Amino acid sequence: MDLLITHATVVTLDAANTILPDGAVAIADGRIAGVYPAGAVPPVSGTVRELDARGRVLLPGLVNAHTHLFQTLIRGVYERLGFLEWLRGVYHTGRVLEPEDSLAGALVGLAEAVQGGVTTVVDHHFLNRTPELAEAVIEAFTRVGVRGVLARTIMDVGGLAPPEVIETPEAGLRACETLLHRHRADIEAGRLQVWTGPNTPPLNASAALVRETHAFARAHGIGISTHVAEATSVVEAVRAQQGAEGVVAWFETLGTLEPPLLAAHSVHLTPGEITALAKHGCCVAHNPVSNGFLGDGIAPVVELLQAGVPVALGTDGAASNNSQDMFQVMKVAALFQRARRQDPMALPPETVLRMATQHGARALGLEHELGSIETGKRADLILVDLGTLHNVAVHDVQSHLVFVARPSDVRTVLVDGRIVVDKGVLQTVDTEAIRQEGQARAARLVARLRDHA
């Protein structure tokens, strides 16, 4: 045993939804070595570090299943635009984005995320003018100490996207192969995954690209991340260009609707497409704050869950959310579904917590490693302090975590048993230094964007 966390309210999110008041969790070699109810803590030697968590809630680390970290530097730049014009502006960033910008944005975004209780981040990376842009994100994962998934996606159709970020399927997949080879050690250690995917079919991804990324992923045993039916304009495009009723239906006709496929957004789905996602075992990354920000609509989350589709949660990028706040995402996810269904029980808080943890782990093929507090799983854990003024009073801890708690309430974050946030302070990087660098890089990036308008 390396670390013993005692006197915590342990929200395990196990199959029985066990909550242990005054519980304890032992950690050894980066994994959970034991989970104990009150009074059952085993004796420990004097060499074991003990962490007294009185007044705090221990729960699995949050999984941000969909974001774009470079967008930290263009937070608030593209406002009040329709979806297609907003996309055009974001894609335009790829003409002038430099690796140093990618690193600075990723460091700021990841630091914000981890201090807010996120232990696993999926960065859906689609601006690939140079290979160093993706490498910079992986470097940031390592520096901050978060578990990372780099979905190195591909765009092969121009129009909205400028020529600088368009590539052939072959070139994009060669770049993915290089990343898989170069980062093999981190991948084998479980710290990193490298995925691929067609970015936003069919707006910037052809049928050939959908098929080729699918074949590549199958051959290499990796996942696919893709934007699916985020706005009505996307569905209109797939109907006009492909004669399919929707993006999911199109994937099914192409024979590419199979796991591990993470369908980000999935706002505009037909009942048949929901059934198809469930039938083929695919997952959805729900981004309610982003969808609300852009006015894209509200995804049919209740129907997806009822059909058996695992629905994870994501912030999306800071250009359509303005933060990496997963507590806000949990709250908005619940409220949107309650309002949409006119049903206060439409999405209970315990379900939302599972979406932010367990479903995220499942979407990444890590359900046996992450997502609940159980012996043998990796010790990706967070402690949330409910002893502050805005947290008075706590009656239902799961409801409280979803509707009341804030990122600033996160006091401790562990990844693989390593404490990366202690007393609310990130231990792995100098947050003030990366804040200053991020602000400077953002100003220069936006100036270059205006010069290239």
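What counts as what
- Residues numbered from 1 in each chain as written.
- Predicted model: local features only at pLDDT ≥ 70, side-chain atom pairs only at ≥ 80, totals over all residues.
- Heavy atoms only, no water.
- Salt bridge = Lys/Arg side-chain N within 4 Å of Asp/Glu carboxyl O.
- Helix = DSSP H or I, 4+ residues; strand = E, 2+ residues; numbered from the N terminus.
- Buried < 20%, exposed > 50% of the residue type's maximum accessible area, 1.4 Å probe, protein only.
- Phe/Tyr/Trp six-rings, centres within 6.5 Å; stacked < 30°, edge-to-face > 60°.
- Pairing = 2+ DSSP bridges.
- Axes fitted to C-alpha atoms, helices over the stretch in contact; angles between N-to-C directions.
- Contact = heavy atoms within 4.5 Å.

Peer 1: Please provide a residue-by-residue account of the pattern of salt bridges, values included.
Peer 2: For the coordinates displayed, the defined rule picks out 23 salt bridges. A salt bridge links glutamate 258 to arginine 218, with the nearest nitrogen and oxygen atoms 3.2 Å apart. Note that glutamate 258 is positioned in the loop between helix 8 (247-254) and strand 11 (261-265) and arginine 218 in helix 6 (residues 207-220), a separation of 40 residues in sequence. Between arginine 441 and glutamate 437 there is a salt bridge, and its shortest N-O distance comes to 3.0 Å. Here arginine 441 pairs with glutamate 437, and both are found in helix 16 (residues 431-451), just 4 residues apart, close to one helical turn. Note on arginine 441: relative accessible area 18%, which makes it buried. Ionic contacts of the salt-bridge type, sharing partners, join the residues Arg31, Arg147, Glu369, Arg378, Asp380 and Asp416 into one network.

Peer 1: Which residues make up the packing of aromatic side chains, and what values go with them?
Peer 2: If you walk through the whole model with that rule in mind, you get 4 aromatic pairs. Geometrically, the ring pair formed by phenylalanine 83 and tryptophan 86 is stacked, given 6.3 Å between the ring centres and 25 degrees between the ring planes. You can see phenylalanine 83 and its partner tryptophan 86 sitting in helix 1 (residues 83-92), 3 residues apart, about one turn around the helix. Residue phenylalanine 83 shares its accessibility class with tryptophan 86, and that shared class is buried. Seen from their ring centres, tyrosine 91 and phenylalanine 126 are 5.6 Å apart, and the 80 degrees between their planes marks the pair as edge-to-face. Taken together, the residues span a long stretch of sequence, with tyrosine 91 in helix 1 and phenylalanine 126 in the loop between strand 7 (118-125) and helix 3 (132-144) at a distance of 35 residues. In this structure tyrosine 91 comes out as buried when scored by relative accessible area, which is 1%. Through a chain of ring-to-ring contacts, three or more aromatic side chains come together here, namely Phe70, Tyr91 and Phe126.

Peer 1: Hey, could you go over the sheet that holds strand 6 (residues 62-67) for me, with residue numbers and the actual values?
Peer 2: An order of 6-7-8-9 is seen for the 4 strands of this open sheet, with the pairing classed as parallel. In this open sheet, the two strands that pair with only one neighbour each are strand 6 and strand 9 (192-195). Sheet twist, expressed as the mean angle between neighbouring strand axes with direction ignored, is 10 degrees. Note: strand 8 (residues 147-152) against strand 9, 4 bridges, orientation parallel. The residue bridging alanine 151 from the neighbouring strand is tryptophan 195, located in strand 9. Set on the sheet, helix 3 makes contact with strand 7, strand 8 and strand 9; between it and strand 8 the angle comes to about 170 degrees. Across the sheet, helix 12 (residues 326-341) touches strand 6 and strand 7, and the angle it forms with strand 6 is around 85 degrees.

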